[in-house]
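Spelled out, the chains give:
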Amino acid sequence: MVPTLVSANELKRPMQGVRNLGMGNIGVALSYDENALFYNPAGLAAVDALLVGLPTIYEVSQDTIDIASDISNLSSDSSTADTVQLVLGKDVFFRTSPIGMNLVIPFGSAFTLGAALTSEVRFELAARNPVSLELSFGSRVDAIGILGFGTTINKGQWLVGASYNQIQRNDVPRATVSLGDALSDAKLEDTVGLSSTLSSASSYDIGFQRRMASFPSLQMTWGAVAHNLGRLTFNRADNETNPADVATEYDIGLSIQPSWGPVRLLGGIDLRDVTIASEDDPYCRSNRGTDCTWKRLHMGLELGFFPIDTSTNVVSLRMGYSQGYASFGFGLAPLIFTRFFNIDFAVYKAEIGSRPGTPQLRRALQIQFGF
């Protein structure tokens, strides 16, 4: 039985920061914490304090929460049909990074080193067609190691950085099968191509940020980054097509970062995948209209109260605009005088279809211990 691939073309960038997601998922021209390793390594050069973190991330779709609540309310004599009815027309999404480690070490004004070691698991499931039940599901597992470097040139006006990325991935593209076929196959691998094998690939990210002299009170910066320079190519077997290789992605952004004593404002706008080269976006590669510009546009703000250091506030309020949809979030450092324990939360929508107009509402939580 050959599975049917569905048009779920979300740009599945690994390790999107919960802080960033609450701000519309911006980060190309902002410099504040270890997330620079994933958004633009040039931002490492602006971190002026030692950062050590052990983050844990959990993210689910609103449908996942609703289904869990509905199932818990089912009576003991409910049938399988009752359970199936609850999931029809809904999309289950789950992402977790159960434990990670990140480290940023600034060596004065000379340069900054950064590293991250983490894993990420994603799972998607949907049920359709009540007459002849069909299941649509996919998954991806990533083990990620990153080494990054950032420095300033021309008296700090330019920040430049690069990172080396090593990824081991197992990817099962979302596919649709009938319930009967799924139950009759002796091995699930025969139905959707599941495998426990991790394929390896490595790539480089190179980026820069330019601090602008205009409007010095706003501390404006613009930046650009090339992700997966030279293409992320996995070492697949000859008869395998997954994990799919990832083309080089070019992003640009503009930010403001003023500070007013106990209050700090971060804001920015990013245009991601400028050349529309992503393997996951065939619709926009052939239909380069206004709707695809909105799909790649990200804007956001963070208002921080009582900064602890360059990357952490006691309380942070966030809002943004991502892919045409509003996002919001907050951050809390409840120990007040130290960043040993931090909580970040975000609510946002992600496009999961091949064209704009098919968003999925998600909630993300990060708990991080560090110093």
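Please refer to the structure placed before this passage.
Below: a short report on this structure. The structure displayed is predicted, hence computed values, not measured ones. (Residues numbered from 1 in each chain as written. Predicted model: local features only at pLDDT ≥ 70, side-chain atom pairs only at ≥ 80, totals over all residues. Heavy atoms only, no water.)

### A word on the overall build of the chain
If you tally the helices and strands in the chain, you get eight helices and 17 strands. Within the span of the chain, comprising 371 residues, buried residues form 48% of the whole. Looking at the chain alone, contacts between residues at least 24 apart form 65% of all its contacts between residues at least 6 apart. Roughly 16,700 Å² of accessible area belongs to the chain as shown, and the carbon and sulfur atoms make up 63% of that amount. (Helix = DSSP H or I, 4+ residues; strand = E, 2+ residues; numbered from the N terminus. Buried < 20%, exposed > 50% of the residue type's maximum accessible area, 1.4 Å probe, protein only. Contact = heavy atoms within 4.5 Å. Areas by Shrake-Rupley, 256 points an atom, 1.4 Å probe, with all protein chains shown as cover.)

### Quick notes on the side chain of Thr-151
For Thr-151, the location among the structural elements is in strand S6 (residues 134-153). A distance of 2.6 Å separates the side chain of Thr-151 from the backbone oxygen of Ala-110, its partner in a polar contact. Aside from chain neighbours lying at most four places away, what touches Thr-151 is Ala-45, Ala-110, Phe-111, Trp-158, Leu-159 and Val-160. (Polar contact = N/O pair within 3.5 Å; in protein donor to acceptor, adjacent residues only side chain to side chain.)

### With respect to the environment of Met-23
In this fold, Met-23 is placed in the loop between helix H1 (18-22) and helix H2 (36-39). The sequence separation of Met-23 and Ser-327 amounts to 304 residues, and the corresponding C-alpha distance is 6.7 Å. With near-sequence residues (within four places) excluded, Met-23 lies in contact with Leu-30, Tyr-32, Leu-266, Met-299, Gly-300, Leu-301, Glu-302, Arg-318, Met-319, Gly-320 and Ser-327.

### Notes on the packing of aromatic side chains
Applying the stated rule across the entire model yields nine aromatic pairs. For the pair Trp-158 and Phe-208, a centre-to-centre distance of 5.7 Å together with 50 degrees between the ring planes defines the contact as tilted. Pair noted here: Trp-158 is in strand S7 (residues 158-178) and Phe-208 is in strand S8 (residues 199-211), with a separation of 50 residues, a long-range link. Seen from their ring centres, Trp-294 and Tyr-321 are 5.8 Å apart, and the 85 degrees between their planes marks the pair as edge-to-face. Note that Trp-294 is positioned in helix H8 (residues 290-295) and Tyr-321 in strand S14 (residues 313-322), a separation of 27 residues in sequence. (Phe/Tyr/Trp six-rings, centres within 6.5 Å; stacked < 30°, edge-to-face > 60°.)

### Let's talk about a nonpolar patch on the surface
A cluster of nonpolar side chains, namely Leu-54, Ile-99, Met-101, Leu-117, Leu-335, Phe-340, Leu-365, Ile-367 and Phe-369, defines an oily patch on the protein surface of about 810 Å² accessible area. Looking at which element gives the most residues to the nonpolar patch, the answer is strand S17 (residues 359-370), with three residues. By the element assignment, Leu-335 lies in the loop between strand S15 (325-332) and strand S16 (341-351). Relative accessible area serves as the criterion here: at 44%, Leu-335 is assigned to the partly exposed category. (Patch = residues over 30% accessible without salt bridge, like charges linked within 9 Å, V, L, I, M, F, W, Y side chains within 5 Å. Salt bridge = Lys/Arg side-chain N within 4 Å of Asp/Glu carboxyl O.)

### A look at the pattern of salt bridges
Going through the model one piece at a time under the given rule, you end up with 13 salt bridges. Close ionic contact of Arg-272 with Asp-251 constitutes a salt bridge, the shortest N to O distance being 3.3 Å. Of this pair, Arg-272 sits in the loop between strand S12 (263-271) and helix H7 (282-286) while Asp-251 is found in strand S10 (residues 249-256), placing the two residues 21 residues apart along the sequence. With relative accessibility at 3%, the residue Arg-272 sits in the buried group. With a relative accessible area of 1%, Asp-251 lands in the buried category. Within the structure, one salt-bridge network assembled from shared partners comprises Arg-19, Asp-33, Glu-302, Arg-318 and Asp-344.

### Quick notes on the pairing of strand S13 (residues 297-307)
As defined by bridge partners, S12 adjoins S13 across nine bridges and the pair is classed as antiparallel. From the neighbouring strand, Arg-264 faces S13, where its bridge partner is Gly-304. Relative to S14, S13 is paired through nine bridges, and the arrangement is antiparallel. Bridge pairing in S14 places His-298 opposite Ser-322. Linking two consecutive strands that pair antiparallel, namely S13 and S14, is a turn of five residues. (Pairing = 2+ DSSP bridges.)

### So, the environment of Asn-35
Relative to the helices and strands, Asn-35 resides in the loop between H1 and H2. Residue classification places Asn-35 among the buried residues on the basis of a relative accessible area of 10%. Along the sequence, Asn-35 and Asn-20 sit 15 residues apart, while their C-alpha atoms lie 8.2 Å from each other. If we skip the residues at most four places from it in the chain, Asn-35 touches Gly-17, Arg-19 and Asn-20.

On their own, these measurements won't tell you what the molecule is for.
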